[in-house]
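# Reading the structure
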Amino acid sequence: MVKFLDLHKQYKGIKTEIDQAIQTVISESSFIGGPHVASFEKSFSSYQNCSFCIGVGNGTDALEIAIEALDLEPGGEIIVPANSFIASAEAVTRAGYRVVFCDCNPNDYTISIEDLKKRISSSTVAIIAVHLYGHPCDMDLILEISKEHGLRVIEDCAQAHGAEYKGQKVGAIADIGTFSFYPGKNLGAYGDAGAIVTNDKDLARSCRMIANHGREEKYSHQLEGRNSRLDGLQAAVLNVKLKYLDKWTEKRLLIADFYLEHLGNNGEIYSPVRRKWAKQVYHLFVIRHSNRELLLRKLRDSNIGYGIHYPIALPKLKAYRYLNQHEENGFAWRSDNQLVSLPIGEHMDIGDAMKVIEALGT
Ligand SMILES: *Cc1c(COP(=O)(O)O)cnc(C)c1O
């Protein structure tokens, strides 16, 4: 048996530190704000190599707050990849903008630059670059296009903790970046949590205000904000886990390289491509097969956990039917029934990866 995700095993490996950290927060009653949140924000901005980090309630809020802080032309269009988790699009609508879906690359699954150019109109105000599955988008090209058209760029890094584009950590390459620490992410809390990163002081200040009732001091509210804060318990857990992130990422890379080596030449299975400038952190290892049911049956028969990310391309969801953005020939639109996520994570060793390869019969 190979599990898709094993958070219990991970906890057992760091139990003493985690239990201690949680106990400390409770003893100090530092539940909201306080030293653990401040120290995590400091450690994470230093890890991500950027100037500012603002802890928030979750990755979806992080996106929504980041968009709001950019103060874009009201009602404008924001371009979002058609293959992503719904949060990437939800945040756009919630913040008062219109979603325009864009196609993805068939090799690395990030936003297609060619299609992106076609989606830009006079109403476009921003682009959401999702570093999907842990693979960075081609940021130089995205920034070039954004500069040409006067657009802002938000990096959705929910799946890309520690990923690098041409040697630079994702998140603060563009205007602003957002992270999720949902438990199953590469860096996961023990509940919902998220963060915003940026090198822009004013944007950082706006985000912090919006996330904390529009204030900087206790009862002096400068605008109407909301309540979306990283809490002390989650911050303490994240402080412990951040120290292990690079080691865990190395493990993911080891498994990924093993998969790539053994799946590489099979004509039926399309393996993901890692671009030469990418440090891909493999939140997910997604392959394609024209007869997915056959593949899933093999995995089930061998007790191998798997996932599908995502089973229905965003524009095809009932939630987005009103946008009427159907593209018969779009890669993201037609490939959602071929995707399979193989198990990958620090809970696995090469023996487990071997079992997966054997199960696939390659
Ligand atoms: C998980 C995820 C989010 C949302 O994060 P939450 O913390 O669950 O709100 C946003 N975008 C992408 C690409 C994600 O994978």
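For the structure itself, consult the block above.
Described in the following lines is the structure provided in the data block.

## Regarding helix H4 (residues 87-94)
Residues of H4 that are buried include every one of Ala87, Ser88, Ala89, Ala91 and Val92, and no others. Against the buried residues of H4 lie helix H3 (59-70), strand S2 (77-81), strand S3 (98-102), strand S4 (124-130) and strand S5 (152-156). Gly96 sits one or two residues past H4 and shows a positive phi near 100 degrees.

## Side note on the sheet that holds strand S6 (residues 164-165)
The strand order across the open sheet built from three strands is S7-S6-S13, with neighbouring strands paired in antiparallel fashion. Every interior strand has two partners, whereas the edge strands, strand S7 (168-169) and strand S13 (278-279), have only one. Two strands pair when backbone bridges link them, and S6 and S13 are joined in this way by two bridges, in the antiparallel orientation. In the strand pairing of S13, Glu164 is matched with Lys279.

## Comments concerning a nonpolar patch on the surface
Residues Ile26, Phe31 and Ile32 make up a contiguous nonpolar surface patch of about 280 Å² in total accessible area. Here Ile26 is to be found in helix H1 (residues 7-28). Judged by relative accessible area, which is 42%, Ile26 ranks as partly exposed.

## Quick notes on the site of the ligand
Around the ligand there are 14 residues in total, and Gly59, Thr60, Asp156, Ser180 and Lys185 lie nearest to it. Between the ligand and the protein, one listed contact pairs an oxygen atom with a side-chain N or O atom of Asn58 at 3.5 Å. Surface burial for the ligand is 93%, taken as the share of its 380 Å² of free accessible area covered by protein chains. Elements with a contribution of two residues or more to the shell around the ligand: H3 and H4. Here the shell around the ligand is composed, by residue class, of five nonpolar, seven polar and two charged.

Cut-offs used in this document
- Starting afresh in each chain, residues are numbered from 1 along the sequence in its written order.
- Local features in this predicted model are restricted to residues of pLDDT 70 or higher, and side-chain atom pairs are both shown and tallied only at a pLDDT of 80 or more, whereas totals for entire chains, interfaces and linings draw on every residue.
- Heavy atoms from the whole structure form the basis of all side-chain values; hydrogens and water molecules are not counted.
- Exposure categories follow from relative accessible area, calculated using a 1.4 Å probe and restricted to protein chains: below 20% of the type maximum is buried, above 50% is exposed, and the middle band is partly exposed.
- Numbering goes from the N terminus for both helices and strands, where a helix is a DSSP run of H or I of at least four residues and a strand is a run of E of at least two.
- Any two residues whose heavy atoms approach within 4.5 Å at even a single point are treated as in contact.
- Pairing between two strands requires that DSSP report at least two bridges joining them.
- Patch building starts from residues that exceed 30% relative accessible area and form no salt bridge, then joins like charges within 9 Å and nonpolar side chains (Val, Leu, Ile, Met, Phe, Trp, Tyr) within 5 Å.
- Accessible surface is estimated by sampling points in the Shrake-Rupley manner with a 1.4 Å probe; for residues, cover comes only from the protein chains shown.
- Take a side-chain nitrogen of Lys or Arg and a carboxyl oxygen of Asp or Glu: if they are within 4 Å of each other, that pair is a salt bridge.
- A cutoff of 4 Å decides nearness: a residue is near a molecule or strand if any of its heavy atoms lies inside that distance of it.
- What qualifies as a polar contact is a pair of N or O atoms within 3.5 Å, subject to a donor-acceptor requirement within protein and to the restriction that residues adjacent in sequence count only when both atoms come from side chains.
- Three residue categories are used. Nonpolar comprises Ala, Val, Leu, Ile, Met, Phe, Trp, Tyr, Cys and Pro, charged comprises Asp, Glu, Lys and Arg, and polar comprises the others, including Gly.

By themselves these figures say nothing about function.
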